[in-house]
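Descriptive analysis of the structure
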Amino acid sequence: RCGIDSSKVYSIANGYDPTKYRPIDKEEARQSLGLPTDLKLVLNISRLYEEKGQNYLISAVNDIVKDRDDIVCYIGGTGPLKSDLEQQISSLNLQEYVKLAGFIPDEQMNLWMNACDLFVLPSLSESFGIVQLEALACGRPVVATRNGGSEEVVISDDYGLLVDPADP
């Protein structure tokens, strides 16, 4: 208790705004954003920092396109890792399969979440990752790493999959 009056302590649960994140038609969302309608769309939205693991997502896409060419992965966000990710995409010749979407304005987030077929959070460490709740609120499955926070969100295979961090 540490001398704190418990009547003045409030717990605020992590959450999302259900008025902003809700399912809409995938094709309509893609058309609004000018995204392809004939491909499987994988989405990651996060700061472009090393601990967010986008380099592992790009490596995974490199493995996937060896077997199928009907996917595109969009990575939304900004940060100091941008040029490294661009270089990785170029060196693997993945320009057709991995697109850096840059900053995604808050008012477009629901469209992006609904446009994707799968949301991926490849973070090496995460406190919670509310973006996963936002994807789930739009009816999208999540693939996330066991990163300390995602285990609280992806609690069932019905929601998505948990995978090892740093392993494409």
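Everything numeric here is computed off the predicted structure, so don't read it as measured data. (Residues numbered from 1 in each chain as written. Predicted model: local features only at pLDDT ≥ 70, side-chain atom pairs only at ≥ 80, totals over all residues. Heavy atoms only, no water.)

**Re the environment of Leu35**
Looking at the element boundaries, Leu35 is found in the loop between α1 (26-33) and β1 (40-45). Assessed through its relative accessible area of 10%, Leu35 is described here as buried. Sequence-wise, Leu35 and Pro122 are 87 residues apart; in three dimensions their C-alpha atoms are separated by 22 Å. Residues within four places of Leu35 in sequence aside, it is in contact with Arg30, Leu41, Tyr74, Trp112 and Ala115. (Helix = DSSP H or I, 4+ residues; strand = E, 2+ residues; numbered from the N terminus. Buried < 20%, exposed > 50% of the residue type's maximum accessible area, 1.4 Å probe, protein only. Contact = heavy atoms within 4.5 Å.)

**Considerations on the environment of Tyr16**
Tracing the chain through its elements places Tyr16 in the segment before α1. Owing to a relative accessible area of 35%, Tyr16 belongs among the partly exposed residues under this scheme. With 94 residues separating them in the primary sequence, Tyr16 and Asn110 have C-alpha atoms 12 Å apart. Look past the residues within four positions of Tyr16 in its chain and what remains in contact with it is Tyr21, Ile130, Leu133, Glu134 and Ala137.

**A closer look at the side chain of Lys52**
Note on placement: Lys52 falls in the loop between β1 and α2 (54-64). Polar contacts involving the side chain of Lys52 include one to the side chain of Glu126, which spans 3.0 Å. If near-sequence neighbours (up to four positions away) are discounted, Lys52 is found in contact with Ser46, Arg47, Pro122, Ser123 and Glu126. (Polar contact = N/O pair within 3.5 Å; in protein donor to acceptor, adjacent residues only side chain to side chain.)

**Re helix α5 (residues 130-137)**
In terms of burial, α5 is largely enclosed, as six of its eight residues are buried. Buried residues of α5: Val131, Gln132, Leu133, Glu134, Ala135 and Ala137, and no others. Where the residues of α5 are buried, they touch β1, α4 (109-115), β4 (118-121) and β5 (142-145). Just downstream of α5, Gly139 is the residue with a positive phi angle, here 80 degrees.

**Describing the pattern of salt bridges**
Scanning the entire structure with this criterion turns up nine salt bridges. Notably, a salt bridge pairs Asp106 with Lys20, separated by 2.6 Å at the nearest N-O pair. A residue pair is termed long-range when its members are at least 10 positions apart, and Asp106 in the loop between β3 (98-102) and α4 and Lys20 in the segment before α1 qualify at 86 residues. Its relative accessible area of 32% is what places Lys20 among the partly exposed residues. Where salt bridges share partners, they join Lys26, Arg30 and Asp117 into one cluster. (Salt bridge = Lys/Arg side-chain N within 4 Å of Asp/Glu carboxyl O.)

**Considering helix α3 (residues 82-91)**
Helical periodicity: at 3.6 residues per turn, an α-helix aligns residues three or four positions apart in one direction. For α3, the set of buried residues is Leu85, Gln88 and Ile89. Viewed end-on, α3 has its buried residues packed into an arc of 100 degrees, placing them on one side of the element. The exposed residues of α3 that point more than 90 degrees off its buried face are Gln87 and Ser91. Here the buried face of α3 lies against α2 and β3. Residue Asn93 follows α3 closely and has a positive phi angle near 60 degrees. (Arc of directions from axis to C-beta.)

**Quick notes on the pairing of β1**
Along β1, five of the six residues are buried, which leaves the element largely enclosed by surrounding structure. As paired strands, β1 and strand β2 (residues 71-76) are joined by six bridges and run parallel to one another. Within β2, the residue paired with Leu41 across the bridge is Val72. Taking the sense of rotation as the criterion, the β-α-β connection linking β1, α2 and β2 turns out right-handed. Bridge count for β1 against β4 is two bridges, and the pairing is parallel. Bridged to Leu43 within β4 is Phe119. (Pairing = 2+ DSSP bridges. Right-handed = clockwise from strand over helix to strand, strands pointing away.)

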